[in-house]
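Next come the chains, spelled out residue by residue.
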Amino acid sequence: MVRCGSVWFRKYGNFIDNLRLFTRGGSGGMGYPRLGGEGGKGGDVWVVAHKKMTLKQLKDKYPQKRFVAGEGANSRVNALKGSRGKDCEIPVPVGISVTDENGKIIELNKEKDRILVAEGGIGGKLLTNFLPLKGQKRVIHLDLKLIADIGLVGFPNAGKSSLLSQVSHAKPAIADYAFTTLQPELGKIVYNDFRQISVADLPGLIEGAHMNKGMGHKFLKHIERTRQLLFVVDISGFQLSSQTQYRTAFETIILLTKELELYKEELQTKPALLAVNKMDLPGAQDMFHVLMNQLQNPKDFLHLFKKNMIPERTVEFQHIIPISAITGEGIEELKNYIRKSLDEHANQENGAYHKKQLLNLQISNTISYNEPPPKNGVTSPR
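In what follows, the accompanying structure is described. Along every chain, residues carry numbers that run from 1 in the direction the sequence is written. Whole-chain, interface and lining totals are the exception, using all residues; otherwise, since this is a predicted model, local features are given only for residues with pLDDT of at least 70 and side-chain atom pairs are given and counted only at 80 or more. Excluding hydrogens and water, the side-chain figures rest on all heavy atoms present in the structure.

## Re helix 5 (residues 284-296)
- The end-to-end C-alpha distance of helix 5, which contains 13 residues, comes to 18 Å, matching closely the 18 Å that a straight helix rising 1.5 Å per residue would cover.
- Among the residues of helix 5, those classed as buried are Ala284, Phe288, Leu291, Gln294 and Leu295. Seen along its axis, helix 5 keeps its buried residues to an arc of 120°; they face one direction. For helix 5, exposure combined with an orientation more than 90 degrees from the buried face picks out Asp286, His289 and Gln296.
- When checking whether two residues touch, look at their non-hydrogen atoms; a contact exists if any pair is within 4.5 Å. Where helices and strands are cited, they refer to DSSP runs of H or I of at least four residues and of E of at least two residues respectively, numbered from the N terminus. Buried residues along helix 5 sit in contact with helix 4 (249-263), strand 15 (272-277) and strand 16 (320-322). Expected helix span is taken as 1.5 Å per residue step, with the number of steps being one fewer than the number of residues. Note on classification: 1.4 Å probe, protein chains only; a residue is buried when its accessible area is under 20% of the maximum for its type, exposed when over 50%, partly exposed between these limits. As used here, the arc belongs to the directions running from the helix axis to the C-beta atoms.

Shown next, in the form of structure tokens:
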């Protein structure tokens, strides 16, 4: 049962990644003192993950955002044991984090994953003087981190939206100014053999994003759920405005790496590719040769940066691909490298998993072999 209430959410365009909900378990049913009858237990409120659900759909379907489970039935002469109240299920997208009032966080990462958020009250019985108890009241926060195979990372106007429109059927906003992407965009690369790879275009970062400047934490969190990162940089460099410092392509890569490191160091362990965009510009080839030299010998150029701008470790790109999202140059090559990189990483993970399983089996067999034989045919208790 869904009743009226309030909702707080952040949204960017039509995209919503955060909701605050009120939930309450159902009250128990009245007991029947004269005959010792017990009232039914109130229903529970559950959060359940569904692949085809979004927080936007949840908001539209239940605009009041107040979820209350059904009440337990009262005990009566012809039904001394009252029936249980109906549970309430809140459908949420896969990849959601559920935070309760105590700050406890549970993540639902698979279809049909569920978590109990508000338990129903017990029905009236002898221990409660046949009076029912009310259900739990809980305010919960839903926080979505997008799940995608590839996350596009770059400063504003690097051409990420143009690239997404080239490699997939997504239709992001594209213009010749910074911050054209104000909400995450999801697209899918579809190959000739029908293999699909999901790509998330996240709003451009700026220096200080780790401190919540610009889009800040609102979108850095989405990078956490991507399997691999695709850095997209403008070969001609980047300057946010006339009041900010101009950055070369190499400086852009170093600063992006530092922003990820300051937000969460684990992000630097993700496999990464680099797409050097706007190779259709005059002099792009010469600038690309300079960039490649800098990337091959990064320590020779780090003295050009302030100490607080230098990351602890530089990103080692698995592949570096020069492209032009406008002319289509290098796009097919980039798509092939994306697929190759994902497959290579998946094979490495599978190999590591099988090695671990084999090691566990060997340890188990060793333990079994070293156990003393049972006496008189009776196995000794462990």
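## Observations regarding the sheet that holds strand 4 (residues 45-50)
- Here, a strand pair is defined by DSSP locating no fewer than two bridges between the strands. Spatially, the 3 strands line up as an open sheet ordered 6-4-9, and their pairing is mixed. Of all strands in the sheet, those with a lone pairing partner are strand 6 (88-93) and strand 9 (114-118), marking the two edges. Ignoring which end each strand starts from, the neighbouring axes of this sheet average 30° apart.
- With 4 bridges connecting them, strand 4 and strand 9 associate as antiparallel partners. Residue pairing in the sheet places Val45 in a bridge with Ala118 of strand 9. Throughout, an axis means a line fitted to C-alpha atoms (over the contacting stretch in the case of helices), and angles, computed between N-to-C directions, take values from 0 to 180 degrees.

## Some points on unusual backbone geometry
- Phi at Asn129 takes a positive value of approximately 60°, unusual for a residue other than glycine.
- Note on placement: Asn129 falls in the loop between strand 9 and strand 10 (137-144).
- In the Ramachandran plot, Phe130 falls in the positive-phi region, its phi being about 65° despite a non-glycine side chain.
- By the secondary structure assignment, Phe130 is in the loop between strand 9 and strand 10.
- Accessibility expressed as a relative area gives 11% for Phe130, which makes it buried.

## Some points on helix 4
- Look at helix 4: 21 Å from first C-alpha to last across 15 residues, which is about the 21 Å you get at 1.5 Å a residue.
- Of all 15 residues making up helix 4, 14 are buried, and the element is well covered by its neighbours.

## Here's the deal with the sheet that holds strand 15
- The sheet built from 6 strands is open, its strands ordered 12-13-11-14-15-16 with mixed pairing. Pairing within the sheet leaves two strands with one partner each, and these edge strands are strand 12 (185-190) and strand 16. Put simply, the sheet's adjacent strands are angled 25° from each other on average, direction ignored.
- The pairing of strand 14 (residues 226-234) with strand 15 spans 6 bridges and is classified as parallel.

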